[in-house]
Amino acid sequence: MPNGRTVLAMFVRLAWRNLWRNKKRTLIAGGSVFFAVFLAVAMYSMQTGQHDFMIESAVGMTTGHLQIHGKEYWEKRSLDQSMVLDTALLRRVASLPHVAAAVPRLETVALISRGTVTKVCPVIGIDPPSENAMTGIDRRVVRGVRYSAGGEGTLVAEGLARTLGVDVGDSIVIYGQGYQGVTAAQVIRIGGILHFAIPDLNNSLVSLRLPDAQDLLSAPGRITALAILLDSDGALDETADAIRAMADSELEVMTWREMMPELLQAIAADNGATVIMLLILYVVIGFGVFGTVMMMTAERTREFGVSIALGMKRRHMMAVTVIESMIIGMLGACAGIITSVPVTFYFHRFPIRLGGDYAKAMLAYGLEPIIPFSVEPMIFIGQGLVVLAIGAISALYPVLVLRRLEPVGAMRGARR
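Keep in mind the model is a prediction, meaning the values are calculated, not measured.

Undergrad: Could you give an account of the layout of surface pockets, with specific residues and numbers?
TA: Estimated volume of the second largest pocket: approximately 500 Å³. Going through the elements one at a time, α2 (23–63), α5 (128–135) and β11 (225–230) are the ones with two or more residues in the lining of the second largest pocket. The element best represented in the lining of the second largest pocket is α2, accounting for eight residues. Residue composition of the lining of the second largest pocket, by class: eleven nonpolar, five polar and seven charged.

Below you can see the structure in the form of structure tokens.
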């Protein structure tokens, strides 16, 4: 008696031979699956890559995945709602799993002046090592000395330096309001020039070392927020719960989803459009496979009747037809996936750079106008599984036909 593996191998060989009895039909069906899978992989890779980039850019440059700050600070954005930097809490947060960086910041808005030119700008006090781990501020220094290399003074964004007419070594005046209404005014030398791809940051940002900012704003030992960067957005809720359990009741822990609901809404809207497009492509795949299976079934009605009359078991014939539809789907899917791999890797390495209104919309969200593709393995595996499911569903048609087939009627009907 042949074992199950031998029987399965025989079924696969029969299914393979049956498919190539009509090469043109099989190639057309496989081609429709190929193009649909290629487009589905490319579209899903582009969407996933863009969303990942949007999240990474937003949290990496501004809020972090999570933020700890004083009660009501997020609504009022005032130094009066700042908090004392708790080094014990900082160490505990930094030691949590998935925490890549815990970044203390002291942020405010002040007048920046040089000669007769004055501009209102955000001023941020940073801890250079942790800030560099989160935003990579060192690599954004285009002139001057980096903080990590012992640089002193303030770092000024390139566009702001151009507006003020200053460069490395020049001095600027910072004038504003410090903690509890104290006047903050100081002449500070420029130690370096920063470049950001995002115009809003490149035209306004001023960065100081955290102790210098605390000095300027009369807020010794205080920060406005502790920004927390994670190694994975999937660990967001788990880490937020852990931090809330250890934080003081006077502190508030917020996720980027709570701090940037407009970004979350933009991603959700984009997801909806992509789902519709993917459904259309899956319908194309389904009709391609189902149409081929239906034609094969109609053409082989007499063959099925003769085989059953000669003693072949219906379940064996059902197995062969199921394998045939699965092979058609997987041939097209594998070809589509293999072709899409170099394309997605290329655009992952060299993202598409946008222009026009779409670029302006991304810049409005504080994002660089590029679309990098994602190369997550599940993007490719997922399409194969979807096509496998479509092939299995399409195989139900010949199974139902074979269950109801009367051998004599099938042979007579074929003769007519």
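Undergrad: I'd love a proper account of helix α13 (residues 314–349), names of residues and values included.
TA: Compared with an ideal rise of 1.5 Å per residue, which puts 36 residues at 52 Å, α13 spans 52 Å between its outermost C-alpha atoms and is within 8% of the ideal. Of all the bends in α13, the greatest, near 30 degrees, is centred on S340, and the proline P342 appears no more than four residues after it.

Undergrad: Break down unusual backbone geometry for me, with residues and values.
TA: Even without a glycine there, the phi angle at R77 is positive, about 50 degrees. Phi is positive for Q180, which is not a glycine, with a value near 55 degrees. Checked against the element boundaries, Q180 lands in the loop between β7 (171–177) and β8 (183–194).

Undergrad: Report on a nonpolar patch on the surface, specifying residues and quantitative values.
TA: There is a patch of nonpolar side chains on the surface, built from V109, L111, V120, V173, Y175 and V187 and spanning about 530 Å² of accessible area. Listed by contribution, the elements that provide at least two residues to the nonpolar patch are β3 (99–114) and β7. Positionally, V120 belongs in strand β4 (residues 117–126).

Undergrad: I'd love a proper account of the packing of aromatic side chains, names of residues and values included.
TA: Evaluated as defined, the whole model comprises five aromatic pairs. Here F34 and F35 contribute two aromatic rings whose centre-to-centre distance is 4.9 Å and whose plane-to-plane angle is 70 degrees, an arrangement assigned as edge-to-face. With relative accessibility at 54%, the residue F35 sits in the exposed group. Through a chain of ring-to-ring contacts, the aromatic side chains of Y346, F347, F350 and F373 assemble into a single cluster. The ring centre of W74 lies 3.7 Å from the NZ or CZ of R77, which sits over that ring. Directly above the ring of F350 sits R349, whose terminal nitrogen or CZ lies 5.0 Å from the centroid.

Undergrad: Requested: an account of the pattern of salt bridges, with residues and values cited.
TA: It is possible for side chains bearing opposite charge to pair when their charged atoms get close. Counted according to the given criterion, the structure contains seven salt bridges. Residue E131 is joined to R105 by a salt bridge in which the shortest nitrogen-to-oxygen separation is 3.0 Å. Here the residue E131 occupies a position in helix α5, and R105 occupies one in strand β3, the gap between them amounting to 26 residues. Two residues, R244 and E258, come together in a salt bridge whose shortest N-O distance is 3.7 Å. Of this pair, R244 sits in helix α9 (residues 236–246) while E258 sits in helix α10 (residues 256–259), and the two are 14 residues apart along the sequence. The exposure class assigned to R244 is partly exposed, which follows from its relative accessible area of 36%. Under the relative-accessibility criterion, E258 is labelled partly exposed at 41%. Three or more residues are tied together by salt bridges with common partners; here these are D233, D237 and R257.

Undergrad: How would you explain empty space enclosed by the protein if you had to name every residue and give the values?
TA: Evaluated as defined, the whole model comprises two cavities of 30 Å³ or more. Considering only enclosed or pocket space, the largest cavity measures out at about 50 Å³ in volume. Forming the walls of the largest cavity are V293, M296, T297, R300, F304, T321, E324, S325 and P398. Where the lining of the largest cavity is concerned, the elements lending two or more residues are α11 (261–299) and α13. In the lining of the largest cavity, the residues fall into four nonpolar, three polar and two charged. Lining the second largest cavity are M83, V84, L85, D86, L89, L90, I223 and L226.

Undergrad: Tell me what's going on with the side chain of E158, and back it up with residues and numbers.
TA: Looking at where E158 falls in the secondary structure, it is placed in helix α6 (residues 158–164). Among the polar contacts listed, one links the side chain of E158 to the side chain of H195, at a separation of 2.7 Å. Look past the residues within four positions of E158 in its chain and what remains in contact with it is V142, R143, I193, L194, H195 and N202.

Undergrad: Lay out the packing of α13 against helix α15 (residues 377–394) in plain terms, naming residues and giving numbers.
TA: Close contact between α13 and α15 brings their axes to 9 Å; oriented N to C, the two are set at 160 degrees. Classed by the angle they form, the pair α13 and α15 counts as roughly antiparallel. The handedness of the crossing between α13 and α15 is right-handed. On α15, the residues touching S325, M326, G329, M330, A333, I337, S340, V341 and T344 of α13 are F380, G384, V387, L388, G391 and A392. Tallied by class, the residues present in the contact of α13 with α15 amount to nine nonpolar, six polar and no charged.

Undergrad: Summarise the pairing of β3; cite the residues concerned and give the values.
TA: Summarising the sheet, β3 and β11 pair through six bridges and their orientation is antiparallel. By the bridge assignment, A102 is partnered in β11 with I228. In this antiparallel pair of consecutive strands, β3 and β4, the connection spans two residues, and G115 shows a positive phi of 65 degrees. Note: β3 against β7, three bridges, orientation antiparallel. Bridge pairing in β7 places S113 opposite V173.

Procedures and definitions
- Residues numbered from 1 in each chain as written.
- Predicted model: local features only at pLDDT ≥ 70, side-chain atom pairs only at ≥ 80, totals over all residues.
- Heavy atoms only, no water.
- 1 Å grid on protein atoms, 1.4 Å probe; cavity = no way out; pocket = protein on both sides within 12 Å on 5 of 7 lines; lining within 4 Å.
- Points joined across faces, edges and corners; volume = space filled by probe spheres on them.
- Helix = DSSP H or I, 4+ residues; strand = E, 2+ residues; numbered from the N terminus.
- Nonpolar A, V, L, I, M, F, W, Y, C, P; charged D, E, K, R; others polar.
- Expected span 1.5 Å × (residues − 1).
- Bend = angle between axes of the 7 residues up to and from the residue.
- Patch = residues over 30% accessible without salt bridge, like charges linked within 9 Å, V, L, I, M, F, W, Y side chains within 5 Å.
- Areas by Shrake-Rupley, 256 points an atom, 1.4 Å probe, with all protein chains shown as cover.
- Salt bridge = Lys/Arg side-chain N within 4 Å of Asp/Glu carboxyl O.
- Phe/Tyr/Trp six-rings, centres within 6.5 Å; stacked < 30°, edge-to-face > 60°.
- Buried < 20%, exposed > 50% of the residue type's maximum accessible area, 1.4 Å probe, protein only.
- Lys NZ or Arg CZ within 6 Å of the ring centre and 35° of its normal.
- Polar contact = N/O pair within 3.5 Å; in protein donor to acceptor, adjacent residues only side chain to side chain.
- Contact = heavy atoms within 4.5 Å.
- Axes fitted to C-alpha atoms, helices over the stretch in contact; angles between N-to-C directions.
- Parallel < 35°, antiparallel > 145°, perpendicular 65-115°, else oblique.
- Left-handed = near helix turned anticlockwise from the far one by under 90°.
- Pairing = 2+ DSSP bridges.

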